[in-house]
Amino acid sequence: MLEKFVAIEGVGSFDSFKAPGRTTFTKLSLVFGENGAGKTTLVSILRSWKDGSAALLEERRTLGVTTPQKVQLLESAALCSFSGGKWQRPCPPLEIFDETYVEENVYGEAGINVGNRRSLYQVVLGKTGNELRIRLVDIDRKSRAIAKIVTECERELGHVHGQMPLETFLRLEQTKDIDDEIEKTEARLRAVSQAEQIRTHSLPEVPEAQPFDIDALRAFLSSSISTVAANAAELVRDHAEHRLDGKDSSQWLATGVGFGIEDDCPFCRLSTSGNPLIDAYKDYFSQAYAEFETATREQAKGILDSVDLAKMQQMVGNTKLALANIEWWKQHLECEALELDTIALLSAARDAHRIVHDLVEAKLRAVLSVIDIEASDLASLQQFNKQMDELAEFAKRVNVLRRRIQIFQLEIERSDATNASEQLLRLRATKQRHEQQCDNLCKRLQSARRIKNRLSDRKARARDSLQEYSADLLGRYQQGINAYLQRFGASYRVGPVAEDHAGGQPSCKFSIELRGKTVRTETADKPGEVRFKTLLSSGDKRTLALALFLASLDTGKALADTIVLLDDPMTSLDQARELQTIKQCEHLAQRCRQVLVFSHDPLFLREVWDSSRTETPTALKVHLRGASSGIEPWDIVSDTAPKFYTQLYAIKQFIETGNGDLIAIRRMLRPLLETWLRHRRPTHFGPKEWLGGMIDAIRSAGPGSSLAKLLPYLSDLSDINDYTKDEHHGSNPGDSASTINASQLATYAKLTLDLVTES
């Protein structure tokens, strides 16, 4: 229980307050304070304690005071202090109804906004519900933070993945030798774009290697006439054996051959002319030589043809064309390195041609002679054949390439440029996807998405738990609100109080049901739509706020442990609702740990005092002396006794004797007239109507109104109002007896007395 404001320093008009004796709060405490006295400052101190907010006190720092703010409260016999910018002890359960409550939880100048709905929802939920709400809000906050990371990553990756869907981009798997694959695909795409050229371009020709037969050359150069003579002799011996019966013919012929065949016989020197055998032998020998020579020349032609320079130059030219053709195909097809030194090939061919020609010519000049091949020439011929071997290997590889090209041509004919382009884009995207910076970004996105999904699941479960808890609670809250509205005599009701998650944070919303219509309380978003701001009068809005507050106290709060503070709950309420408010103060006093009622209306507090059935309330007064506020005991019974007759007799005595406090007499004129008018027209002027408003009502009264009967007094009432306007709702600090003209005061006092004593 709050027992006392022990000390207040540097807060509003409480620049240096120390509590005097007999200012202790009890279970039901009534605190009176005129406007500007400091009553609202006390409420702000308690709200700061409740919320643990230093800002609420800082914004009320006393002007001109530089010392640190300090507050000391006595609560349940323990001292609770605000110092060093914070409260040293937590506040017990405390519920406050004041203008701040209305503005934060119910409505503001523009109507009911989302902030009002969220705050009201927190008020209704209570401790258990708010724990569920805080859990949901915390998850939502984390979800929004991780969603921001997801969005940032997706935005950054948007500059990378281009037209490819992000999900496809993320799933691209790392490819081995990606640069080679890109190069191949680029070549393929170029090939597809040149499909017609590829289809019609010639294949590389396969050059034919023509190795030289060195052994055949050796045999050719080593052939001689002795071979031919032996053949001829064989024929002659055959002839001799058959014709000469073999009688020493072989020896003779051998001797003859040794001596040579001339016109004279080598043995007898006789003439052999006319000898048919010798002639036959000569004829035969001459024919063999001629055939040998002819054969030698024929052989020479074949050998020379195998090293024909024109043919070998053509062979080298074909090889060059094949190499050039292969270079063209390389731009479309990956080819193995096919190289051949055509210069060396041509040089070897020319050497072979020269060497063979020289050897053959030497043989033809001496067909019966054996011609030897020099070692250097033999090496040149062998080098030529080595070049031919390389050319033959080259030809084999060209053949393989030709088959590959043919397959490639078929593939290109069946290929689609679109598919090739897509494949190239995918490969390039794959390369970029797995570059270090991009890969890190993708991993960050994927990690954030996993966290976001987990938070989404947790958020859904937290929301379900909160909705399950609040569904019955909000239903009972609506019933409680409408029950209080009915007690207050309101002409409207509230529709279902529903949970709302717009904007991510939970809140509650309700509608107003009036004259069979349902009006939304959210800010109107259509021109001409009925607005809460203009739907209800000030009194109805205040009644709604009070009903919302009272109903929230009934939704599961431990009232036996709760302090309830009501600050001016009667603002803008009519007399009927004032009586119901007084009853509610009494009901709260019976149910709560403590009830504090603050008001600037002493008569309202007196009625609360009179209606109390539990125990005698404590009455305190907030006063302003000079520029400093304080708290003191308040004699509520004396200060709220009927003043009409007391004031009337004091004024009458002043008029008759001239005796009296001039300041007090002038201050009595206005309230005396206000009380008189309330009694004359109780249905028109309530306890909150003041003289200026009463005069305006009389002036604007229509001919049929009962107020029209007061029109004859209008001029006098206006004069008195002007004379006493400085006394409206409080004292005038500039007043002193020397500033008041006694004669003038007597005139207005008599005028006032004449009015109120008129029958």
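Note that the structure is predicted; figures quoted are calculated from it, not measured.

**Student:** Looking at this model, I keep getting lost on the packing of helix H4 (residues 114–161) against helix H16 (residues 436–487). Mind explaining?
**Tutor:** Any two packed helices are characterised by the angle at which their axes cross and by the distance between the axes. At a minimum axis distance of 8 Å, the contact between H4 and H16 shows a crossing angle of 160 degrees. Classified by the angle their axes make, H4 and H16 are roughly antiparallel. The interaxial crossing formed by H4 with H16 has left-handed handedness. Grouping the amino acids of the contact of H4 with H16 by side-chain chemistry returns 27 nonpolar, five polar and twelve charged.

**Student:** Explanation requested: the pairing of strand S13 (residues 563–567) in the structure shown.
**Tutor:** The side chains of a regular strand alternate, first on one face of the sheet and then on the other. Among the five residues of S13, five are classified as buried, and the element is accordingly described as predominantly covered. Where burial is concerned, the two faces of S13 agree: the one with Ile563, Leu565 and Asp567 and the one with Val564 and Leu566 are both buried. The sheet contact formed by S13 and strand S14 (residues 594–599) spans five bridges and is parallel. Counted as the bridge partner of Leu566 is Val597 from S14.

**Student:** What am I meant to see in the nonpolar core here?
**Tutor:** In globular proteins that are soluble, nonpolar side chains generally tend to be buried together. Grouped together as the largest cluster of nonpolar side chains are 77 residues, with contacts concentrated most on Tyr101, Leu157, Phe169, Ile481, Phe510 and Leu548. When neighbours within four sequence positions are excluded, Leu548 is seen to be in contact with Tyr101, Val106, Leu120, Tyr477, Ile481 and Phe510. Within the second largest apolar cluster, 45 residues are counted, among which are Trp329, Leu338, Ala352 and Leu381.

**Student:** Explain helix H23 (residues 662–680) to me, please; I cannot follow it from the model alone.
**Tutor:** Given 3.6 residues per turn, any residue in an α-helix points the same way as the ones three and four places further on. For H23, spanning 19 residues, the distance from its first C-alpha to its last is 28 Å, which sits close to the expected 27 Å at 1.5 Å a residue. Remark: the principal bend of H23, roughly 25 degrees, maps to Leu669, with a proline, Pro671, within the next four residues. For H23, the capping residue at the N-terminal end is Asp661, with a side-chain oxygen 3.0 Å from the backbone nitrogen of Ile663.

**Student:** Which parts of the structure should I look at to understand unusual backbone geometry?
**Tutor:** Trans peptide bonds make up most of the peptide bonds, and negative phi angles are found at most residues other than glycine. Positive phi outside glycine occurs at Arg22, with the angle close to 60 degrees. Residue placement: Arg22 occurs in the loop between strand S2 (14–18) and strand S3 (28–33). In this structure, Ser76 takes a positive phi of about 50 degrees despite not being glycine. With respect to the helices and strands, the residue Ser76 is situated in the loop between strand S4 (70–75) and strand S5 (78–83).

**Student:** What should I look at first to understand helix H1 (residues 39–51) in this one?
**Tutor:** In this model H1 runs 19 Å from its N-terminal to its C-terminal C-alpha over 13 residues, within 8% of the 18 Å that 1.5 Å per residue would give. Most of H1 is tucked away, with ten of its 13 residues classed as buried. When we look at burial in H1, the residues that qualify are Lys39, Thr41, Leu42, Val43, Ser44, Ile45, Leu46, Arg47, Ser48 and Trp49. Trailing H1 by a residue or two, Gly52 shows a phi angle of about 65 degrees, which is positive.

**Student:** I keep staring at the pattern of salt bridges and nothing clicks. Help me out?
**Tutor:** Should the charged atoms of two oppositely charged side chains come close, the side chains can pair. Under the definition given, this model contains 32 salt bridges. Close ionic contact of Asp98 with Arg47 constitutes a salt bridge, the shortest N to O distance being 2.8 Å. Here the residue Asp98 occupies a position in the loop between strand S7 (94–97) and helix H3 (99–105), and Arg47 occupies one in helix H1, the gap between them amounting to 51 residues. With respect to burial, Asp98 and Arg47 carry one shared label: buried. The salt bridge involving Glu181 is made with Lys184; its shortest N-O contact spans 3.9 Å. Of the two residues, Glu181 and Lys184 are both situated in helix H6 (residues 178–193); the distance of three residues between them amounts to about one turn of the helix. Residue class for Lys184 comes out partly exposed when judged on its relative accessible area of 41%. A single network of salt bridges, built from pairs that share partners, joins Lys39, Asp567 and Asp568.

Rules used in this analysis
- Residues numbered from 1 in each chain as written.
- Predicted model: local features only at pLDDT ≥ 70, side-chain atom pairs only at ≥ 80, totals over all residues.
- Heavy atoms only, no water.
- Axes fitted to C-alpha atoms, helices over the stretch in contact; angles between N-to-C directions.
- Helix = DSSP H or I, 4+ residues; strand = E, 2+ residues; numbered from the N terminus.
- Parallel < 35°, antiparallel > 145°, perpendicular 65-115°, else oblique.
- Left-handed = near helix turned anticlockwise from the far one by under 90°.
- Nonpolar A, V, L, I, M, F, W, Y, C, P; charged D, E, K, R; others polar.
- Buried < 20%, exposed > 50% of the residue type's maximum accessible area, 1.4 Å probe, protein only.
- Pairing = 2+ DSSP bridges.
- Core = buried A, V, L, I, M, F, W, Y, C linked by side-chain atoms within 4.5 Å.
- Contact = heavy atoms within 4.5 Å.
- Expected span 1.5 Å × (residues − 1).
- Bend = angle between axes of the 7 residues up to and from the residue.
- Polar contact = N/O pair within 3.5 Å; in protein donor to acceptor, adjacent residues only side chain to side chain.
- Salt bridge = Lys/Arg side-chain N within 4 Å of Asp/Glu carboxyl O.

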